[in-house]
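# Notes for the structure review
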Amino acid sequence: MKNISEHLDFVKSQAEFHERMAERFSSDKRRSEQHLNTAGKFSDAYMFFKNCTENKSLSDFSGAESLHLSLEELDGLPDEVLAELSISDSDKTDFSIITLINNAGGIASLDRIIFKLYKETGELVKRANLNARLYRMVQKEQIYSVPGKKGVYSTTKISPNEEEAPEQIISGT
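Throughout, a residue's number is its position along its own chain's written sequence, starting from 1. Two thresholds apply to this predicted model, a pLDDT of at least 70 for residue-level local features and 80 or more for giving and counting side-chain atom pairs, whereas whole-chain, interface and lining totals are computed over all residues. The basis for every side-chain value is the complete set of non-hydrogen atoms in the structure, without hydrogens or water.

What follows is about the nonpolar core. Ile97, Ile113, Leu130, Leu134 and Ile143 are the most contacted members of the largest nonpolar core, which totals 18 residues. Put simply, the parts of the chain that give this core at least two residues each are helix H5 (89–103), helix H6 (110–121) and helix H7 (127–139). The helix and strand labels rest on DSSP assignments: H or I over at least four residues marks a helix, E over at least two residues marks a strand, and numbering proceeds from the N terminus. Of all the elements, H5 adds the most residues to this core, at five residues. The definition of a nonpolar core used throughout is a set of buried Ala, Val, Leu, Ile, Met, Phe, Trp, Tyr and Cys residues joined through side-chain atoms within 4.5 Å. Whether a residue is buried, partly exposed or exposed follows from its accessible area with a 1.4 Å probe, protein chains only, as a fraction of its type maximum: under 20%, in between, or over 50%, in that order.

The aromatic pairing rule takes the rings of Phe, Tyr and Trp, using the six-membered ring of Trp, and pairs them if the centres are within 6.5 Å, calling planes under 30 degrees apart stacked, those over 60 edge-to-face and the rest tilted. Applying the stated criterion to the full structure yields zero aromatic pairs. Either the NZ atom of lysine or the CZ atom of arginine qualifies as a charge over a ring when it sits within 6 Å of the ring centre and within 35 degrees of the ring normal. When the ring centre of Phe25 is taken as origin, the NZ or CZ atom of Arg31, which lies over that ring, is 3.9 Å away.

The next point concerns H6. In this scheme, a helix's expected span is set at 1.5 Å multiplied by one less than its residue total. Over its 12 residues, H6 runs 16 Å from end to end, which matches the ideal 16 Å to within 8%, given 1.5 Å per residue. Taken together, the buried positions of H6 are occupied by Leu110, Arg112, Ile113, Ile114 and Leu117. Looking at the residues trailing H6, positive phi occurs at Gly122, about 75°.

Under this scheme, a helix contributes an axis fitted over its contacting stretch, all axes are lines through C-alpha atoms, and angles between N-to-C directions fall in the 0 to 180 degree range. As a packed pair, H5 and H6 sit with axes 10 Å apart at the nearest point and diverge in direction by 110°. By the angle between their axes, H5 is roughly perpendicular relative to H6. The way H5 lies across H6 gives a crossing that is right-handed. From H5, Ser96, Ile97, Leu100 and Ile101 reach across to H6, where they touch Ile113, Lys116, Leu117 and Glu120. Residues that form the contact of H5 with H6 fall into these classes: five nonpolar, one polar and two charged. Geometric relationships in this document are graded by angle, where less than 35 degrees denotes roughly parallel, more than 145 denotes roughly antiparallel, 65 to 115 denotes roughly perpendicular, and other angles denote oblique. Handedness of a helix crossing follows the sense of rotation of the near helix relative to the far helix, less than a right angle counterclockwise being left-handed and clockwise being right-handed. Every residue pair with non-hydrogen atoms within 4.5 Å of one another is taken to be in contact. Think of it as three bins: nonpolar holds Ala, Val, Leu, Ile, Met, Phe, Trp, Tyr, Cys and Pro, charged holds Asp, Glu, Lys and Arg, and polar takes everything else, Gly as well.

Taken together, three strands build an open sheet; the order of strands is E1-E3-E2 and the sheet is antiparallel. On the outer flanks of this sheet lie strand E1 (107–109) and strand E2 (144–145), each paired with one strand and no other. A strand pair is defined by DSSP finding two or more bridges across the two strands. Across two bridges, the pairing between E2 and strand E3 (residues 152–154) is antiparallel. The partner of Ser145 across the bridge, within E3, is Tyr153. Across the sheet, H6 is in contact with E1 and E3; its angle to E1 comes to roughly 90°.

Dropping the structure here:
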C-alpha cells in the first residue's frame, strides 16, 4: 500500500492539469469555472497531504517497523547485544506467549495459554491478569484476536471473512 507522500505528485499534477484546462476553455465561463473549482480542490488536497507528511506525530506513526522489538528480531542476537537492550521480564513473558501460540499452530485459546504457560514455565497466571496482558499485546499488534471467537488469539491477523479456524487448532487437540 502506498503512503501519502507517494501520491503528492499525482495530486499536484491534477491541480495543474485543471488549471490548464480552465485557461483552454476561458471562452466558456461555466466550463472554465468548473476546472478552476476542481483545480482548487486538488490544490487544497495537495497542501493537506503535504502538511500531513511534514508534520507527523507519534500518534500518526504506522511504519513497517514497530516501536517494540519482536521475537523474530531478537532471535539469534548475541548475549552481549541482548544485555544492552531494555527487555523486561514482562517482555519475556510476552515472547513466551507468542512462542506458545506459534507452537499451538498459530492459534490458541486463553485456557490453552494458561495451561501451556504453567506446563512450560511453571508460572501460575491469574486469568484476569493474563486477559489484561493479552489485551495489551493485541493493542501493540504482537498478537491478534480471532474474529468471532472470544478468548482466542492468533499470531497472524485473520480477517472476519476468512474460513473459521479448525476447532482442533483452537482447543490444541
